[in-house]
Amino acid sequence: MKMNRKFLVLASLFIVAAILVTGCVPKGGDTPKNDAPAASDTPTSGTDTPAAGAAKILRTNNGSEPGSLDPALAQGTHESWVLDHTFEGLMKLDENGMVVEGMAKEYKVSDDFLTYTFTLRDDIKWSNGDPVTAHDFEFAWKRALDPDLAADYAFQLYYIKGGEAYNTEEGSLDGVAVKALDDKTLEVTLEAPTGYFLELTAFYTYYPVNKAVVESNPDWAKNAATHISNGPFTLTEWEHDASLKIRKNPNYYDAANVPLDGVDFTIIDDVNTTWQGYEGGEYDFLVDVPQAVTAKLQEEGNPELVIGGMVGTYYYNLNPAIKPLNNVKVRKGLSMTLDRKTIVEKIAQGGEIAAEGVVPFGIFDENGNEYRDGVGQLIEYNVEEGKKLFAEGLEEEGMTPEDFKKIVILYNTLESHKKIAQAAQEMWRVNLGIEVQLENVDFQVKLDREKDGDYHISRGGWIGDYMDPMTFIDLWWSDSSFNDVNYNNPKYDELVYTAKGTADQKIRFEAMRKAEKMLMEDMPVVPVYFYTQPYVQKPYVTGVYKPLVNYPKLTYADINR
Amino acid sequence: MDNNLSSIKDLSPDLFQPALKEDRDSDRIRRPSIKYWPDVWRRLKQNRLAMVGLSIIIIMLFMSIFGPLFNKFSYYEQNYDLINNHPDTVHWFGTDELGRDLFTRVWFGARYSLIIGVLAATIDFIIGVIYGGLSGMATRRIDNIMMRIAEVVYSIPYLLIVILLSVAFSSEGAGTSMFVLILAMTLTDWVPMAILVRGQVLQLKESEYSLAAESLGASKGWILRKHIIPNTMGPILVNITLTIPRAIFAEATLGFLGLGFQAPRSSLGSLANDGLAGIAVGNAYQIIIPALFISLIMFAFNVLGDGLRDALDPRLRK
Amino acid sequence: MSRYLLKRTIMSIITLWTIVTITFFLMHSIPGDPFRKEGKMPVSVYENLLKKYGLDRPLSEQYVIYLKNLLKGDFGDSMKSKVETVNDMIRRGFPVSAYLGLEALLIALVFGPALGALAALYQNKLPDYISMIIAIIGISVPSFIMGTVLIQFVAKNVSWIPIGGWGEFRHTILPAIALSLMPLAYMARLMRSSMLEVLNQDYIKTATSKGISKSAVILKHAVRNAILPIISVLGTLISNLLVGSFVIEKIFGIPGLGKFFVQSINNRDYTLIMGTTIFYAIILIVLLLLVDVAYIFIDPRIKLTKEGR
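This text gives an overview of the structure that appears in the document. Predicted model, so just to flag it, every value in this text is computed and none were measured. (Residues numbered from 1 in each chain as written. Chains lettered and ligands numbered in written order. Predicted model: local features only at pLDDT ≥ 70, side-chain atom pairs only at ≥ 80, totals over all residues. Heavy atoms only, no water.)

## Some points on the overall build of chain C
(1) Moving on: Scanning chain C for helices and strands turns up 12 helices and zero strands.
(2) Moving on: Shown N-terminal to C-terminal, the secondary structure of chain C runs as helices and strands in the order α-α-α-α-α-α-α-α-α-α-α-α.
(3) Moving on: Its C-alpha atoms give chain C principal-axis dimensions of about 85 × 60 × 30 Å.
(4) Moving on: Burial status across chain C gives 60% buried among its 309 residues.
(5) Moving on: Pairs at least 24 apart in sequence give 74% of the contacts found in chain C among residues at least 6 apart. (Helix = DSSP H or I, 4+ residues; strand = E, 2+ residues; numbered from the N terminus. Buried < 20%, exposed > 50% of the residue type's maximum accessible area, 1.4 Å probe, protein only. Contact = heavy atoms within 4.5 Å.)

In structure tokens, the structure reads:
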């Protein structure tokens, strides 16, 4: 009896072992494979090199599981990177960062800069063969604004007349001023002149969706089999949390110029693991390289590392409700004693650029020149002057450096934020003789405390949505929902209104330049650096380019082995 | 009965003789009586490995207090010209990614990690043993309720509680007190210990010696204290020695939520976390050194635990 | 026995309801919600989202609605993923995590107790020291370090072992090893300790003196009696292994359930927090019940049904 039981235990152990070793490993996804329209699949993992003549599949990694591959519902880079390759808007960004025609063949802008009329290309089709029509665009934009759909990025369509009203249920669907005049002509009227509207139509919330498909199957975007798109590639496989595959879309109008047969994405969010995979030959291309690795590659001058451009600014919010941060001299003193060159070269080490203001490099002004050059360096590293200003400011507030022991730098938990916060803390200790404290919290807790004004100094950052200084400038107008320092300067607001209300590029840019200078005079935030996006590619990968507001574009990438 | 009585009457004094002195002493315990704890210590001392463990702990304690004074660096001073400097004669354990001296940071961190590890283990031990012991000894109905409560405590998402704690206790100023940190650490960790102890109690209270003690009129509490717990010290000690490294790393994990010590202060757990990135770029020393010291602490506590277990076991007494 | 099981089931439902209630109100009391994020999102968009997911209603109403759906076995829509429901996520994540967990458990169960028994039989001799060293490593090197080390030094050098990902048996080897070390070490230490205890008991000495061979004694008496503490810890250990480890799944890129336990809370994905918590609680409750039943099988003297004497 007793031995029997033991035998039973042993037997069941063996059975479990046998099942584990020989049986099937449960799949991560439940998505059936869709017949790849063009290229056949190649093995996705392992170090095997496809023979010459085999399908050209680029292997890379998408940092995390997309929350949705429906353009209207997407909200982050892990979604948009796939969408940017499977869909295409009216306009698109070329390798020079210029806005060029995509689905649109041509466009006309009315004299008051309020009405845009787009004419679509003749040879555009969905991946299922349906023609892409102006009705699809109208449908897609109105759908994204539907309050019941509750799209996170619906506000990107508020530029369209009646869009905000419909989304907030104050207006009607018919009030949204976008209309397909016929299959090939789309007319859209804006609330106000918007200098960057053309570029917005390249943003994923403005991508079209196939009206017939979406209406017949609300769950169309949930798996690869029913996912229909109009871009250079189309989704063929999606194993949740594990992998995504996109294959060349033969129906794409420019398919002849798309060298790749497809891209395989794994979904692994650990950058160290994916880096090891890249080194081990499991990837051809990789964004999101560990900081330590980027630093090392840069030091070695490794040609596989590319420092991609990006429009984003890393900064510290100074809460003006907290003494002595209310004093502009104290704020300037803090800014002047922060050695940004050391931070970018020795600590961040990803090719970042020491901040010269709040608007990063790469944005063009009214004359097509670098916007930054027109404003100039607005931030100075000058320890002596900074010390002086800081001491004066403190005295005005009747405080001493000792009081800074109670001042805390708040940041959300992330290794890179921690490093920079520690460096800032140490620089201020050495240069100003103050001992600020650090505090890291859960991201949501940080948002909560910033909204409540329950912080002293907090880490902030902003990645531009579109290539215009306004995406940064309007962060600090008094109405902005991201104005955590509660910067409230009527003169600044006026400049923002001026820039937002005119289509005259000269007036617009002049106002924005003035606004930025004003902001840096008041220094409610201390900019630290401008973001970059380092990525690595094997020597045989060519043709990748990096639009400043997107992830690297693989559409014209090639594998030359 | 009658027979016996009559035979007693028949006894005569000459049947009795005074006992010899030697015979009287035969009842006495000749060896000096040794109290329990001194005896444990005496036998522990004979265990060489356990003594090695004890020495390591003492050395670690000493170094964690005085180690940071051995060189001229402080735990927060950064030197941007000496980033990721491999160990050499100036920086004995090398420097980290901000150019700080790792020797100083390791000993500074060991101080916190030792305190936290030992404190968390002790509290887990106390709560776990009391809760598990009571549950095992109580009536089945109470035992059932107590174990269901343990299930509730163990099932509620730990992170939620910790975030709540971090928000509730994050008054002005950075970081939270040691009290909150230890509270967060021991909040649910005692449950496995309690389940383990309860299981042992359930078994041991049916053992012959417990039954014997009970029939002699011993109270349940007394049996638990004097018989059952000492007999279950083995698994308990294993569990305690396991709790220590868990606490050391839990401290680093809780640090992600802002509980505990704030940067630039270090702990062994956070040093290991930070050092992990070094593996990929040839700075493995940044992870090896803190990991080595954590392992050393673990080795010390384990051999000491083993020795203690043997020393506590009366059957092994020689 | 069946009356006992019935009683336990009723108790378990009450336990589960308690867990649901506490977790529900706890998660709503921490700062943040699923839809607020850094950026320029206008209040109107945010309110549309709250409305869509019913978060604009009073909390008590949300609680009642949740319980009603729960009774139907519906965990609701994830508030973060617009692709999968919580039921979907558990259905696909759990088999993956459970597979890996069972593999790790198997490794731990095969090697742990054996290593511990060996150490006890050769106390203070070489096998004991080797066992000790393995155990120390298993205990003091946590899985996030072990995982990274395995990737760096094993996966990169052995061509047929992939660095990360999921799909075939070879994908499971390294994560299962990394996952098994702690339980393996734990069991080895526990086994050693209880074996030593048992080996000095009178009945073992009696059995040996009666001339029964050492191995028979060990198998018949010692292991059977020493296994009880291991059974005790298996309840929590197996439930933790089955639902997966956040760290291991992150490092090895495994599409399991474990990462949802952390992600859901970071994202304040309320429905997913509830779903994973309830799922875990059910597994824990069942396993602790099995542990209690196992007690009786191992040592029939243990009483669970009747009132204590």
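## Overview of the overall build of chain B
(1) Moving on: The helix and strand inventory of chain B stands at 14 helices and zero strands.
(2) Moving on: Written out in order from the N terminus, the α and β elements of chain B read α-α-α-α-α-α-α-α-α-α-α-α-α-α.
(3) Moving on: Summed over its atoms, the accessible surface of chain B is roughly 14700 Å², and 66% of this surface lies on carbon and sulfur atoms. (Areas by Shrake-Rupley, 256 points an atom, 1.4 Å probe, with all protein chains shown as cover.)

## Points about the packing of aromatic side chains
Residues and elements named next belong to chain A.
(1) Moving on: Within this structure, the stated rule accounts for 50 aromatic pairs over all chains.
(2) Moving on: Between Tyr-153 and Tyr-204, the ring centres sit 5.9 Å apart and the planes meet at 70°, which makes this aromatic pair edge-to-face. With Tyr-153 in the loop between helix 3 (134-145) and helix 4 (163-167) and Tyr-204 in the loop between helix 5 (197-200) and helix 6 (211-216), this residue pair connects regions lying 51 residues apart in the sequence. Like Tyr-204, Tyr-153 is buried.
(3) Moving on: Members of the aromatic cluster, joined through ring pairs, are Tyr-107, Tyr-116, Phe-118, Phe-137, Trp-141, Phe-197 and Tyr-206.
(4) Moving on: The ring of Trp-477 carries Lys-500 above its face, with NZ or CZ at 5.3 Å from the centroid.
(5) Moving on: If you follow Arg-561 out to its NZ or CZ, it ends over the ring of Tyr-540, 4.3 Å from the centre. (Phe/Tyr/Trp six-rings, centres within 6.5 Å; stacked < 30°, edge-to-face > 60°. Lys NZ or Arg CZ within 6 Å of the ring centre and 35° of its normal.)

## Comments concerning the interface of chain A and chain C
(1) Moving on: The interface of chain A with chain C comprises 61 residues on the first partner and 55 residues on the second.
(2) Moving on: Here chain A packs against chain C, burying approximately 5300 Å² in sum over the two surfaces, 56% of which is carbon and sulfur.
(3) Moving on: Counting across the chain A and chain C interface gives eight salt bridges.
(4) Moving on: Arg-268 of chain C is the partner of Asp-442 of chain A in a salt bridge, and the nearest nitrogen-oxygen pair spans 2.7 Å.
(5) Moving on: Here chain A and chain C share 18 residue pairs in polar contact (both at pLDDT 80 or more) between them.
(6) Moving on: Those elements that provide at least two residues to the side of chain A that touches chain C are helix 1 (2-22), helix 7 (271-279), helix 14 (443-451), strand 17 (457-463) and helix 15 (470-473) of chain A.
(7) Moving on: It is helix 1 of chain A that contributes the most residues to the side of chain A that touches chain C, eight residues altogether.
(8) Moving on: In the side of chain A that touches chain C, the residues fall into 27 nonpolar, 15 polar and 19 charged. (Buried area = accessible area lost by both parts, 1.4 Å probe. Salt bridge = Lys/Arg side-chain N within 4 Å of Asp/Glu carboxyl O. Polar contact = N/O pair within 3.5 Å; in protein donor to acceptor, adjacent residues only side chain to side chain. Nonpolar A, V, L, I, M, F, W, Y, C, P; charged D, E, K, R; others polar.)

## A closer look at the sheet that holds strand 12 (residues 305-308) of chain A
Within a beta sheet, neighbouring strands are joined by backbone hydrogen bonds and run either parallel or antiparallel to one another.
Residues and elements named next belong to chain A.
(1) Moving on: Spatially, 11-19-12 is the arrangement adopted by the three strands of the open sheet, whose pairing is antiparallel. Edge positions in the open sheet fall to strand 11 (285-287) and strand 12, since each of these has one partner strand only. Shown here is a sheet whose adjacent strand axes are inclined to one another by a mean of 20°, direction ignored.
(2) Moving on: Strand direction decides the pairing type here: strand 11 and strand 19 (residues 533-537), joined by three bridges, are antiparallel. Looking at strand 19, one finds that Val-287 is bridged to Tyr-535.
(3) Moving on: Helix 8 (residues 291-300) rests against strand 12 and strand 19 of the sheet, and its axis sits at about 110° to strand 12. (Pairing = 2+ DSSP bridges. Axes fitted to C-alpha atoms, helices over the stretch in contact; angles between N-to-C directions.)

## Quick look at helix 12 (residues 233-256) of chain B
Residues and elements named next belong to chain B.
(1) Moving on: Between its terminal C-alpha atoms helix 12 stretches 35 Å, which fits the 34 Å expected from 24 residues at 1.5 Å a residue.
(2) Moving on: Burial within helix 12 is extensive, with 21 of its 24 residues counted as buried.
(3) Moving on: Positive phi appears at Gly-258, one or two residues downstream of helix 12, with a value of about 85°. (Expected span 1.5 Å × (residues − 1).)

## Re the nonpolar core
(1) Moving on: Ranked by internal contacts, the top residues of the largest apolar core, which has 347 residues, are Phe-118, Trp-141, Tyr-316, Trp-428 and Trp-476 of chain A.
(2) Moving on: It is helix 12 (residues 270-298) of chain C that provides the largest number of residues to this core, a total of 18 residues.
(3) Moving on: Apart from residues no more than four positions distant in its own chain, Trp-476 of chain A is found in contact with Tyr-315, Val-358, Asn-483, Val-485, Tyr-487, Tyr-492, Leu-519 and Val-525 of chain A.
(4) Moving on: If you look at the next biggest cluster of nonpolar residues, it comprises 12 residues, including Ile-268, Tyr-278, Val-293 and Leu-297 of chain A. (Core = buried A, V, L, I, M, F, W, Y, C linked by side-chain atoms within 4.5 Å.)

## Points about the interface of chain B and chain C
(1) Moving on: Contact with chain B, which involves 61 residues of that partner, is made by 65 residues of chain C.
(2) Moving on: Note on chain B versus chain C: buried area summed over both sides is about 5900 Å², and carbon and sulfur give 64% of it.
(3) Moving on: Inspection of the region where chain B meets chain C yields three salt bridges.
(4) Moving on: One salt bridge connects Asp-306 of chain B with Arg-189 of chain C, and the closest N-O pair in it is separated by 2.6 Å.
(5) Moving on: Seen at the junction of chain B and chain C, the total is nine residue pairs in polar contact (both at pLDDT 80 or more).
(6) Moving on: At the level of secondary structure, the elements contributing two or more residues to the side of chain B that touches chain C comprise helix 6 (140-155), helix 7 (158-168), helix 9 (190-204), helix 10 (208-215), helix 11 (220-231), helix 12, helix 13 (268-275) and helix 14 (285-312) of chain B.
(7) Moving on: Tallying contributions element by element places helix 14 of chain B first for the side of chain B that touches chain C, with 10 residues.

## Remarks on the sheet that holds strand 13 (residues 312-318) of chain A
All names here are of chain A.
(1) Moving on: Pairing in this open sheet of six strands is mixed, and the strands run 14-18-13-17-15-16 from one edge to the other. Every other strand in the sheet has two partners, leaving strand 14 (353-354) and strand 16 (437-441) as the edge strands with one partner each.
(2) Moving on: Taken together, the two bridges between strand 15 (residues 408-412) and strand 17 define a ladder with parallel strand orientation. Each bridged residue has a counterpart across the sheet, and for Ile-409 the counterpart in strand 17 is Ile-457.
(3) Moving on: Contacting strand 14 and strand 18 (525-530), helix 10 (residues 340-348) runs over the sheet at an angle of about 45° to strand 18.

## As for the pattern of salt bridges
(1) Moving on: Under the counting rule described, the total for this entry stands at 55 salt bridges over all chains.
(2) Moving on: The closest approach of N and O atoms between Arg-36 of chain C and Asp-448 of chain A, which form a salt bridge, is 3.2 Å. Of the two residues, Arg-36 of chain C is situated in the loop between helix 1 (2-29) and helix 2 (43-52) and Asp-448 of chain A in helix 14; the pairing between them involves two chains.
(3) Moving on: Three or more residues are tied together by salt bridges with common partners; here these are Arg-140, Asp-143 and Arg-198 of chain B together with Arg-8 and Asp-292 of chain C.

## Here we look at helix 12 (residues 383-397) of chain A
All names here are of chain A.
(1) Moving on: Taking 1.5 Å of rise per residue, 15 residues should cover 21 Å, and helix 12 covers 21 Å from first to last C-alpha, within 8% of that figure.
(2) Moving on: The elements touched by buried residues of helix 12 are helix 9 (328-336) and helix 13 (415-432).
(3) Moving on: Trailing helix 12 by a residue or two, Gly-398 shows a phi angle of about 65°, which is positive.

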